[in-house]
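# Coordinate inspection notes
These are the residues of each chain, in order.
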Amino acid sequence: MSDVLELVDVSVVRDGRALVDEVSWSVKEGERWVILGPNGAGKTTLLNLASSYLFPTTGSVTILGDRLGGVDVFELRPRIGMAGIAMAEKMPKRQTVLQTVLTAAYGMTATWHEDYDPVDEARARAFLDRLGMNEYLDRRFGTLSEGERKRTLIARAMMTDPELLLLDEPAAGLDLGGREDLVRRLGRLARDPYAPSMVMVTHHVEEIAPGFTHVLMIRQGKVLAAGPMETELNSRNLSLCFGLPLVVERLGDRWTARGLPLK
Ligand SMILES: Nc1ncnc2c1ncn2[C@@H]1O[C@H](COP(=O)(O)OP(=O)(O)OP(=O)(O)O)[C@@H](O)[C@H]1O
């Protein structure tokens, strides 16, 4: 299996502080990673490196075989799908759901008056259908609920047929039903052998969909644990990661965690 993403001794330093501190991490083809860590740990900074929107201060980042610094990022970016809050903010609110997804095929966020290829439109409809959005095709993006927006942006991220899919807190802000609906859909995607390699940032182990294979835990920019979910996602690592005693349990193909009561 080849590396989809490889970070070697990567640091990102701002104002004399390492936001990401000598991180070495690799994602191989077909793996589905979860990044866990407390607020401010450096999770989004890692995704920004992985999506080529941020260059490291030191160390090397290789994405889909191309090393950052030696490649035209505008050729690399269409090969990476990204869905997250930063992307939601860039989307024109008056654009319809279908247009929001379709514009990704043309590397744009806004629609112009060019004619779209019917093949692209069919693909956009199919991705939206897979994410349960086929009733909303003509709705304006700005009128969608949080969950509907997140599902639209995941469909959008799939549109360029990416080799690497990056999801930044896809379930944040969703109610219980919305979260469970999204987890089911992400689980279907994660188990699809034709789906791209995936990296998902989350704060909650309950949001880990079945089919995710590996976990990276970071704290204060440093890697605390990285490897297969079965061995690395345990109470010891999670407690060290979040800085309080936690118990993590596996229930079937899902995970749950809780803090121990105060004495
Ligand atoms: N451009 C910047 N200059 C200085 N500090 C920054 C910059 N960007 C991010 N930071 C800081 O770097 C740290 C890591 O930020 P990052 O957004 O990667 O964390 P995170 O793990 O995604 O956090 P959260 O879970 O709260 O979203 C934070 O303390 C943040 O304030």
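Residues numbered from 1 in each chain as written. Predicted model: local features only at pLDDT ≥ 70, side-chain atom pairs only at ≥ 80, totals over all residues.

Turning our attention to the overall build of the protein chain. For the protein chain, the count of helices and strands is nine helices and 12 strands. What you see for the protein chain is a C-alpha radius of gyration of 18 Å, in line with the 18 Å of a compact globule of 263 residues. Seen through its principal axes, the protein chain has C-alpha atoms that stretch 60 × 45 × 35 Å. Counting over 263 residues, the protein chain shows a buried share of 38%. Partitioning the intrachain contacts of the protein chain with sequence separation of at least 6 by distance along the chain shows that 62% fall at a separation of at least 24. (Helix = DSSP H or I, 4+ residues; strand = E, 2+ residues; numbered from the N terminus. Rg over C-alpha atoms; globule rule 2.2 N^0.38 Å. Buried ≥ 20, exposed ≤ 12 C-beta atoms within 10 Å, placed from the backbone. Contact = placed C-beta atoms within 7 Å.)

This part covers the pairing of strand S1 (residues 3-14). The side chains of a regular strand alternate, residue by residue, between the two faces of the sheet. Here eight bridges tie S1 to strand S2 (residues 17-28), and the two strands are oriented antiparallel to one another. Bridge pairing links leucine 5 to valine 27 in S2. If you look at the hairpin formed by S1 and S2, you'll find two residues sitting between the two strands, and aspartate 15 has a positive phi there, around 50°. Summarising the sheet, S1 and strand S4 (residues 58-63) pair through five bridges and their orientation is antiparallel. Residue pairing across strands places glutamate 6 opposite threonine 62, the latter belonging to S4. (Pairing = 2+ DSSP bridges.)

Once that is clear, we can look at the pairing of strand S8 (residues 197-202). Counting buried residues in S8 gives six out of six residues, a clear majority hidden from the surface. Pairing geometry for strand S3 (residues 32-36) and S8, over five bridges, is parallel. Looking across to S8, one finds that tryptophan 33 is bridged to valine 199. Here strand S7 (residues 164-168) runs beside S8; their pairing, made up of five bridges, is parallel. Counted as the bridge partner of aspartate 168 is valine 201 from S8.

It is worth spelling out the sheet that holds S1 at this point. With respect to topology, four strands assemble into an open sheet ordered S2-S1-S4-S5, the strand pairing being antiparallel. Looking at the sheet topology across the chains shown, the edges are occupied by S2 and strand S5 (66-67). The sheet contacts of helix H1 (residues 43-50) involve S1, S2 and S4, and relative to S1 the element is tilted by about 125°. (Axes fitted to C-alpha atoms, helices over the stretch in contact; angles between N-to-C directions.)

The end-to-end C-alpha distance of helix H7 (residues 176-190), which contains 15 residues, comes to 20 Å, matching closely the 21 Å that a straight helix rising 1.5 Å per residue would cover. Listed in full, the buried residues belonging to H7 are Leu182, Val183, Leu186 and Leu189. Looking down the long axis of H7, one finds its buried residues gathered within 120° of arc, a one-sided arrangement. For H7, the exposed residues lying more than 90 degrees away from the buried face are Leu176 and Gly177. For H7, the elements touching its buried residues are helix H6 (146-158). (Expected span 1.5 Å × (residues − 1). Arc of directions from axis to C-beta.)

Attention now moves to the sheet that holds strand S9 (residues 214-219). As summarised here, the arrangement of the six strands in space is S6-S7-S8-S3-S9-S10, forming an open sheet in which the pairing is mixed. Unpaired on one side and paired on the other, strand S6 (80-83) and strand S10 (222-228) mark the two borders of the sheet. On average, each strand axis in the sheet is inclined to that of its neighbour by 15°, with strand direction left out of account. Against the sheet, H1 engages S3, S7, S8 and S9, with an angle of about 155° to S8.

Let us look at the environment of glycine 30. Note on placement: glycine 30 falls in the loop between S2 and S3. We classify glycine 30 as partly exposed; it has 14 C-beta atoms within 10 Å. Between the alpha carbons of glycine 30 and leucine 164 there is a distance of 9.3 Å; along the sequence they are 134 residues apart.

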